Amino acid sequence: MRKTLGAALAALALVLTGCATPSASPATGAEAPRLSVEGPWVRTTDGARDATMTAAFMSIVNPGDADVRLVGADCADAGMVQVHEMVEQDGKKLMREATDGVVVPAGSHVHLTPGGYHVMLMQLKRGLAVGDQVVLTLRFSDGRTLEVTAPVKEFVEEEDHYHSPMPSASPSGSPS
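Per chain, residue numbering runs from 1 following the sequence as it is written. It should be noted that, the model being predicted, local features are given only for residues of pLDDT at least 70 and side-chain atom pairs only at 80 or more, the latter also being counted only at that level, while totals for whole chains, interfaces and linings use all residues. Note that the side-chain values use all heavy atoms of the structure and ignore hydrogens as well as water.

So, the pairing of strand β10 (residues 145–153)
Argument step 1. Two strands qualify as a pair provided DSSP detects at least 2 bridges between them. Counting from the N terminus, the helices are DSSP H or I runs at least four residues long and the strands are E runs at least two residues long. The sheet contact formed by strand β1 (residues 36–43) and β10 spans 2 bridges and is parallel. Considered in β10, the bridge of arginine 43 is made with lysine 153.
Argument step 2. Turn length for the strand β9 (residues 133–140)-β10 hairpin, with the two strands adjacent in sequence and antiparallel, is 4 residues, and the turn residue glycine 143 shows positive phi of about 95°.

As C-alpha coordinates, this is what we get:
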(Lines give C-alpha, C1' and ligand atoms only; values in the text may rest on other atoms or scores of the structure.)
Protein backbone atom coordinates (compact mmCIF):
# COMPACT_ATOMS: atom_id res chain seq x y z
CA MET A 1 0.00 0.00 0.00
CA ARG A 2 2.87 2.38 0.78
CA LYS A 3 4.31 1.95 -2.75
CA THR A 4 0.91 2.61 -4.34
CA LEU A 5 0.30 5.69 -2.19
CA GLY A 6 3.82 6.98 -2.90
CA ALA A 7 3.39 6.50 -6.66
CA ALA A 8 0.01 8.25 -6.58
CA LEU A 9 1.43 11.19 -4.63
CA ALA A 10 4.38 11.47 -7.04
CA ALA A 11 2.03 11.48 -10.04
CA LEU A 12 -0.16 14.12 -8.38
CA ALA A 13 2.89 16.28 -7.69
CA LEU A 14 3.90 16.10 -11.37
CA VAL A 15 0.42 17.15 -12.46
CA LEU A 16 0.22 20.02 -9.97
CA THR A 17 3.63 21.38 -10.98
CA GLY A 18 2.75 21.25 -14.68
CA CYS A 19 5.41 18.65 -15.48
CA ALA A 20 2.83 16.15 -16.67
CA THR A 21 -0.66 16.48 -18.02
CA PRO A 22 -2.65 13.26 -18.08
CA SER A 23 -4.68 13.02 -21.25
CA ALA A 24 -7.43 10.43 -21.51
CA SER A 25 -8.69 9.24 -24.85
CA PRO A 26 -12.47 9.77 -24.92
CA ALA A 27 -12.95 6.56 -26.91
CA THR A 28 -11.12 4.18 -24.57
CA GLY A 29 -10.44 6.02 -21.33
CA ALA A 30 -6.80 4.91 -21.66
CA GLU A 31 -3.84 7.24 -21.28
CA ALA A 32 -2.95 8.92 -24.57
CA PRO A 33 0.63 10.01 -25.24
CA ARG A 34 1.11 13.70 -24.62
CA LEU A 35 1.12 15.98 -27.66
CA SER A 36 3.66 18.80 -27.56
CA VAL A 37 4.52 21.97 -29.45
CA GLU A 38 7.98 23.16 -30.45
CA GLY A 39 9.02 26.64 -31.57
CA PRO A 40 5.66 28.45 -31.46
CA TRP A 41 5.53 32.07 -32.63
CA VAL A 42 3.06 34.64 -33.90
CA ARG A 43 3.69 37.22 -36.60
CA THR A 44 3.66 40.83 -35.38
CA THR A 45 0.98 43.22 -36.60
CA ASP A 46 3.41 46.16 -36.46
CA GLY A 47 3.65 47.58 -39.97
CA ALA A 48 1.09 45.13 -41.40
CA ARG A 49 -1.25 46.34 -44.12
CA ASP A 50 -4.13 44.82 -42.15
CA ALA A 51 -3.43 44.77 -38.42
CA THR A 52 -6.71 42.97 -37.68
CA MET A 53 -5.23 39.57 -38.53
CA THR A 54 -2.05 37.57 -38.20
CA ALA A 55 -0.93 33.94 -38.02
CA ALA A 56 0.62 31.52 -35.54
CA PHE A 57 3.26 28.95 -36.50
CA MET A 58 4.77 25.96 -34.71
CA SER A 59 5.61 22.27 -34.91
CA ILE A 60 3.17 19.86 -33.27
CA VAL A 61 4.68 16.55 -32.11
CA ASN A 62 2.60 13.36 -31.74
CA PRO A 63 4.54 10.56 -29.99
CA GLY A 64 1.45 8.31 -30.03
CA ASP A 65 0.62 5.38 -32.25
CA ALA A 66 -2.48 6.97 -33.84
CA ASP A 67 -2.84 10.00 -36.08
CA VAL A 68 -4.67 12.98 -34.62
CA ARG A 69 -5.95 16.13 -36.33
CA LEU A 70 -5.57 19.72 -35.25
CA VAL A 71 -9.16 20.83 -35.84
CA GLY A 72 -9.27 24.28 -34.28
CA ALA A 73 -7.89 26.76 -31.81
CA ASP A 74 -9.03 29.48 -29.44
CA CYS A 75 -7.33 32.74 -28.53
CA ALA A 76 -8.64 35.50 -26.24
CA ASP A 77 -6.84 38.10 -28.41
CA ALA A 78 -8.85 37.22 -31.54
CA GLY A 79 -12.54 37.30 -32.36
CA MET A 80 -12.11 34.44 -34.85
CA VAL A 81 -9.49 31.68 -35.07
CA GLN A 82 -9.22 29.11 -37.88
CA VAL A 83 -6.76 26.51 -39.09
CA HIS A 84 -5.72 27.59 -42.61
CA GLU A 85 -3.87 26.08 -45.52
CA MET A 86 -2.21 27.64 -48.55
CA VAL A 87 -3.34 26.49 -51.98
CA GLU A 88 -2.44 27.45 -55.52
CA GLN A 89 -5.28 28.69 -57.69
CA ASP A 90 -4.83 30.20 -61.14
CA GLY A 91 -1.09 30.47 -60.52
CA LYS A 92 -1.53 32.42 -57.26
CA LYS A 93 -1.05 31.28 -53.68
CA LEU A 94 -4.19 31.81 -51.64
CA MET A 95 -5.20 30.79 -48.15
CA ARG A 96 -8.38 29.10 -47.06
CA GLU A 97 -9.75 27.37 -44.02
CA ALA A 98 -8.57 23.76 -43.68
CA THR A 99 -12.05 22.49 -42.87
CA ASP A 100 -10.81 18.95 -42.14
CA GLY A 101 -7.96 20.24 -39.97
CA VAL A 102 -4.34 19.20 -40.18
CA VAL A 103 -3.13 15.63 -39.62
CA VAL A 104 -0.44 15.20 -36.98
CA PRO A 105 0.94 11.77 -37.95
CA ALA A 106 1.48 9.07 -35.34
CA GLY A 107 5.06 8.95 -34.11
CA SER A 108 5.89 12.12 -36.03
CA HIS A 109 5.09 15.82 -36.30
CA VAL A 110 3.60 18.48 -38.53
CA HIS A 111 5.05 21.93 -39.20
CA LEU A 112 2.74 24.95 -39.30
CA THR A 113 4.77 27.41 -41.37
CA PRO A 114 4.46 30.61 -43.40
CA GLY A 115 3.25 29.51 -46.84
CA GLY A 116 1.75 26.28 -45.44
CA TYR A 117 -0.67 25.27 -42.74
CA HIS A 118 -1.01 27.86 -39.96
CA VAL A 119 -3.40 29.06 -37.27
CA MET A 120 -5.07 32.25 -38.48
CA LEU A 121 -5.95 34.87 -35.85
CA MET A 122 -8.59 37.27 -37.17
CA GLN A 123 -10.58 40.17 -35.73
CA LEU A 124 -7.69 40.92 -33.38
CA LYS A 125 -8.65 42.80 -30.24
CA ARG A 126 -5.21 44.42 -29.87
CA GLY A 127 -2.07 45.06 -31.85
CA LEU A 128 0.67 42.46 -31.41
CA ALA A 129 4.11 44.00 -31.00
CA VAL A 130 7.41 42.13 -31.16
CA GLY A 131 8.05 40.76 -27.67
CA ASP A 132 4.37 40.33 -26.74
CA GLN A 133 3.04 36.87 -25.99
CA VAL A 134 -0.12 35.20 -27.27
CA VAL A 135 -1.85 32.29 -25.56
CA LEU A 136 -3.54 29.76 -27.85
CA THR A 137 -5.55 26.68 -26.97
CA LEU A 138 -5.19 24.07 -29.71
CA ARG A 139 -8.11 21.65 -30.16
CA PHE A 140 -7.63 18.12 -31.51
CA SER A 141 -9.95 15.56 -33.12
CA ASP A 142 -9.75 13.19 -30.13
CA GLY A 143 -11.02 15.85 -27.71
CA ARG A 144 -7.65 16.82 -26.28
CA THR A 145 -6.60 20.45 -25.94
CA LEU A 146 -3.15 21.94 -25.57
CA GLU A 147 -2.39 25.43 -24.28
CA VAL A 148 0.53 27.16 -26.00
CA THR A 149 2.19 30.48 -25.21
CA ALA A 150 3.79 31.92 -28.34
CA PRO A 151 6.09 34.95 -28.55
CA VAL A 152 5.31 37.62 -31.15
CA LYS A 153 8.12 37.98 -33.68
CA GLU A 154 8.88 40.05 -36.75
CA PHE A 155 8.64 38.30 -40.08
CA VAL A 156 9.11 39.73 -43.54
CA GLU A 157 8.32 37.70 -46.62
CA GLU A 158 8.58 38.51 -50.30
CA GLU A 159 4.87 38.00 -50.86
CA ASP A 160 2.30 38.86 -48.24
CA HIS A 161 0.24 35.65 -48.42
CA TYR A 162 -1.76 36.45 -45.29
CA HIS A 163 -3.62 39.32 -46.89
CA SER A 164 -4.51 37.67 -50.21
CA PRO A 165 -8.21 37.15 -50.87
CA MET A 166 -9.54 33.76 -49.85
CA PRO A 167 -11.07 31.61 -52.60
CA SER A 168 -14.83 31.26 -52.40
CA ALA A 169 -14.85 27.54 -53.22
CA SER A 170 -14.61 25.11 -50.30
CA PRO A 171 -11.75 22.61 -50.17
CA SER A 172 -12.30 19.66 -52.48
CA GLY A 173 -10.09 17.21 -50.63
CA SER A 174 -8.82 16.59 -47.18
CA PRO A 175 -5.36 17.77 -46.18
CA SER A 176 -2.69 15.14 -46.06
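After that view, the rundown keeps rolling.
Topic: the pairing of strand β2 (residues 53–62)
Here is the key point about a regular strand: its side chains alternate between the two faces of the sheet.
Argument step 1. Relative accessibility thresholds used throughout: buried, under 20% of the residue-type maximum; exposed, over 50%; partly exposed, between the two (1.4 Å probe, protein chains only). For β2, the buried fraction is high: 10 of the 10 residues fall into the buried class.
Argument step 2. Along β2, one buried face is formed by Met53, Ala55, Phe57, Ser59 and Val61 and the opposite face, lined by Thr54, Ala56, Met58, Ile60 and Asn62, is buried too.
Argument step 3. Pairing analysis gives 5 bridges linking β1 to β2, with the strands arranged antiparallel. Paired with glutamate 38 across the two strands is serine 59, which belongs to β2.

Some words on the side chain of serine 59
Argument step 1. For serine 59, the position within the fold is in strand β2.
Argument step 2. Relative accessible area serves as the criterion here: at 13%, serine 59 is assigned to the buried category.
Argument step 3. By the criterion applied in these results, polar contacts are pairs of N or O atoms within 3.5 Å in which, for protein atoms, one can donate a hydrogen and the other can accept it, and in which residues neighboring in sequence qualify only through two side-chain atoms. One polar contact links serine 59 to histidine 111, side chain to side chain, over a distance of 2.6 Å.
Argument step 4. Residues count as neighbours in contact if any of their non-hydrogen atoms are within 4.5 Å of one another. For serine 59, the residues in contact, after removing those within four places along its chain, are Ser36, Val37, Glu38, Val110 and His111.

Focus: unusual backbone geometry
Argument step 1. Positive phi, normally seen in glycine, also occurs at aspartate 90, with a value near 55°.
Argument step 2. Structurally, the position occupied by aspartate 90 is in the loop between β4 (78–89) and β5 (92–97).
Argument step 3. Positive phi, normally seen in glycine, also occurs at glutamine 123, with a value near 55°.

Points about the pattern of salt bridges
Argument step 1. One side-chain nitrogen of Lys or Arg within 4 Å of one carboxyl oxygen of Asp or Glu is enough to make a salt bridge. All told, the structure shown has 5 salt bridges when counted by the stated rule.
Argument step 2. Taking the shortest distance from any N to any O, the salt bridge between arginine 139 and aspartate 74 comes out at 3.0 Å. In this pair, arginine 139 is assigned in strand β9 and aspartate 74 in strand β3 (residues 68–74), connecting sequence segments 65 residues apart.
Argument step 3. Of the charged contacts, one joins aspartate 77 and arginine 126 as a salt bridge, the two residues approaching to 3.0 Å between their closest N and O atoms. Taken together, the residues aspartate 77 in the loop between β3 and β4 and arginine 126 in the loop between β8 (118–124) and β9 connect sequence positions 49 residues apart.
Argument step 4. Arginine 126 sits in the partly exposed class, given a relative accessible area of 32%.
Argument step 5. Sharing partners across several salt bridges, the network here consists of Asp77, Arg126 and Asp132.

Re the nonpolar core
The nonpolar side chains of soluble globular proteins are, as a tendency, buried together.
Argument step 1. Remark: nonpolar core denotes a set of buried residues (Ala, Val, Leu, Ile, Met, Phe, Trp, Tyr, Cys) joined through side-chain atoms within 4.5 Å. Core analysis: the largest hydrophobic core is formed by 30 residues, its most contacted members being Ile60, Leu70, Val119, Leu121, Leu138 and Phe140.
Argument step 2. Secondary structure elements with two or more residues in this core: β2, β3, β4, β6 (102–104), β7 (108–112), β8, β9 and β10.
Argument step 3. Apart from residues no more than four positions distant in its own chain, isoleucine 60 is found in contact with Ser36, Val37, Leu70, Val104, Ser108, His109, Val110, Leu112, Leu138 and Phe140.
Argument step 4. Residues Trp41, Met53, Met120 and Met122 belong to the second largest nonpolar core, which totals 8 residues.

A short note on the environment of isoleucine 60
Argument step 1. Residue position: isoleucine 60 is located in strand β2.
Argument step 2. Sequence spacing of isoleucine 60 and leucine 112 is 52 residues, and the spatial spacing of their C-alpha atoms is 7.9 Å.

Points about the packing of aromatic side chains
Argument step 1. Here is the rule: rings of Phe, Tyr and Trp (six-membered ring for Trp) pair when centre to centre is within 6.5 Å. Planes less than 30 degrees apart are stacked, more than 60 are edge-to-face, and the remainder are tilted. As enumerated under the stated definition, the model contains 1 aromatic pair in all.
Argument step 2. Geometrically, the ring pair formed by tryptophan 41 and phenylalanine 57 is tilted, given 4.7 Å between the ring centres and 40° between the ring planes. Remark: phenylalanine 57 occurs in strand β2 and tryptophan 41 occurs in strand β1; sequence separation between them is 16 residues. In terms of burial, tryptophan 41 and phenylalanine 57 fall into one category: buried.

Any functional reading would require information that these geometric values do not contain.
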